[in-house]
Amino acid sequence: MNLRQFLLLFSYSLITWWVGTGLMPLLPIYTATLGATPTLVGAFLSFSFFTLALGTASAGWLARKLSRRTRLLTLLSLGGATAAALLGLATQLWQVVLLVAVIWFIGGVSLVLVGVLTGLAATSHTRGRIFGWLSASVALAGVVGGLVMGPVAE
């Protein structure tokens, strides 16, 4: 795997995790301001993680069916960015539920496809190091998400 490929996959993973870790603490507050009860907030978060699991489960099927996985990642990133932008404009609880479900589904598919592309591109003797560095994007996204999303929410 060349450096350019790795940096693209790392950046994609970083942004996906950043959105997820940055939005997660804000979602209960956002839904509560739209009138959701604590029970409804819990059901909403459960549904969100269900859609994440659906995305993760369907990614393997998509990876086998589609030979142009990088094109799929591009389409997923455009769809996720559109859903995230629309989330900022949502004024109804059902809109938030629908958009977060789309974002979490896309996140599940995307993270699996990043792993698939990494596994296909990395050589057998560098695979462990590449996946190790790629997993560092999770921790970095948590730091960036915490530093950026708080002030954005204010």
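Structure: above.
In this numbering scheme, every chain counts its residues from 1 along its sequence in written order. Side-chain atom pairs in this predicted model are given and counted only at pLDDT of 80 or more, local residue features only at pLDDT of at least 70, and totals for whole chains, interfaces and linings cover all residues. As a rule here, side-chain values come from all non-hydrogen atoms in the structure, and water together with hydrogens is ignored.

Asker: How do you make sense of the overall build of the chain when you look at a structure like this?
Answerer: Of regular secondary structure, the chain possesses six helices and zero strands. In this description a helix means any DSSP run of H or I spanning at least four residues, a strand means any run of E spanning at least two, and both kinds are numbered starting from the N terminus. Shown N-terminal to C-terminal, the secondary structure of the chain runs as helices and strands in the order α-α-α-α-α-α. To get the radius of gyration, use the C-alpha atoms; to get the globule rule, take the number of residues to the power 0.38 and multiply by 2.2 Å. Computed over its C-alpha atoms, the radius of gyration of the chain comes to 16 Å, within 12% of the 15 Å expected for a compact globule of 154 residues. Summarising its shape, the C-alpha atoms of the chain cover approximately 55 × 35 × 25 Å along the three principal directions. Here the term buried applies to any residue with accessible area under 20% of the maximum for its type, exposed to any over 50%, and partly exposed to those in between, with areas from a 1.4 Å probe on protein chains only. Relative to its 154 residues, the chain shows a buried fraction of 34%. Element-wise, carbon and sulfur atoms account for 72% of the exposed surface of the chain, whose accessible area totals about 8,800 Å². Using the Shrake-Rupley algorithm and a 1.4 Å probe, accessible areas are obtained, with residue cover drawn only from the displayed protein chains.

Asker: Quick question: what am I supposed to make of the packing of helix 4 (residues 69-87) against helix 5 (residues 93-121) here?
Answerer: Angle between the axes and distance between the axes: these two values describe a pair of packed helices. Put simply, helix 4 and helix 5 touch, their axes get as near as 9 Å, and they point 155 degrees apart. The orientation of helix 4 with respect to helix 5, classified from their angle, is roughly antiparallel. When you trace helix 4 past helix 5, the crossing you get is left-handed. Its residues assigned to classes, the contact of helix 4 with helix 5 comprises 19 nonpolar, four polar and one charged. Inter-axis angles, ranging from 0 to 180 degrees, are taken between N-to-C directions of lines fitted to C-alpha atoms, where helices are fitted over the stretch in contact. Working definition: roughly parallel below 35 degrees, roughly antiparallel above 145 degrees, roughly perpendicular at 65 to 115 degrees, and oblique for all remaining angles. Left-handed is the label given to a crossing in which the near helix is rotated counterclockwise from the far helix by less than a right angle, and right-handed is the label when the rotation is clockwise. Here the term charged refers only to Asp, Glu, Lys and Arg, the term nonpolar to Ala, Val, Leu, Ile, Met, Phe, Trp, Tyr, Cys and Pro, and the term polar to all other amino acids, Gly among them.

Asker: In this structure, what is going on with the nonpolar core? I would like to understand it.
Answerer: Across soluble globular proteins, nonpolar side chains show a tendency to be buried alongside one another. Residues grouped as a nonpolar core are buried Ala, Val, Leu, Ile, Met, Phe, Trp, Tyr and Cys residues, joined through side-chain atoms within 4.5 Å. By size, the foremost hydrophobic cluster in this structure holds 18 residues, and its most contacted members are Tyr12, Leu72, Leu73, Leu76, Val109, Leu113 and Val114. Where this core is concerned, the elements lending two or more residues are helix 1 (3-23), helix 3 (38-65), helix 4, helix 5 and helix 6 (127-153). By definition, residues are in contact when any of their heavy atoms lie within 4.5 Å. Sequence-distant contacts of valine 114, that is, excluding residues within four places in its chain, are made with Leu9, Tyr12, Ser13, Leu73 and Leu134. Membership of the second largest hydrophobic core comes to 16 residues, among which are Phe44, Val96, Ile103 and Met149.

Asker: When you look at helix 4 in this model, what are you seeing that I'm missing?
Answerer: Because the α-helix completes a turn every 3.6 residues, residues three or four places apart line up on one side. By this rule, a helix spans an expected 1.5 Å times one less than how many residues it contains. Here helix 4 is 19 residues long and its end C-alpha atoms lie 26 Å apart, about the 27 Å a rise of 1.5 Å per residue gives. Taken residue by residue, helix 4 has Leu72, Leu73, Leu76, Gly80, Ala83 and Leu87 as its buried positions. Burial along helix 4 is one-sided: seen end-on, the buried residues are contained in an arc of 95 degrees. Turned more than 90 degrees away from the buried face of helix 4 sit Thr70, Arg71, Leu75, Leu78 and Ala85, all of them exposed. Looking at the buried positions of helix 4, the neighbouring elements they touch are helix 1, helix 2 (27-33), helix 3 and helix 5. By arc we mean the arc of the directions from the helix axis to the C-beta atoms, nothing more.

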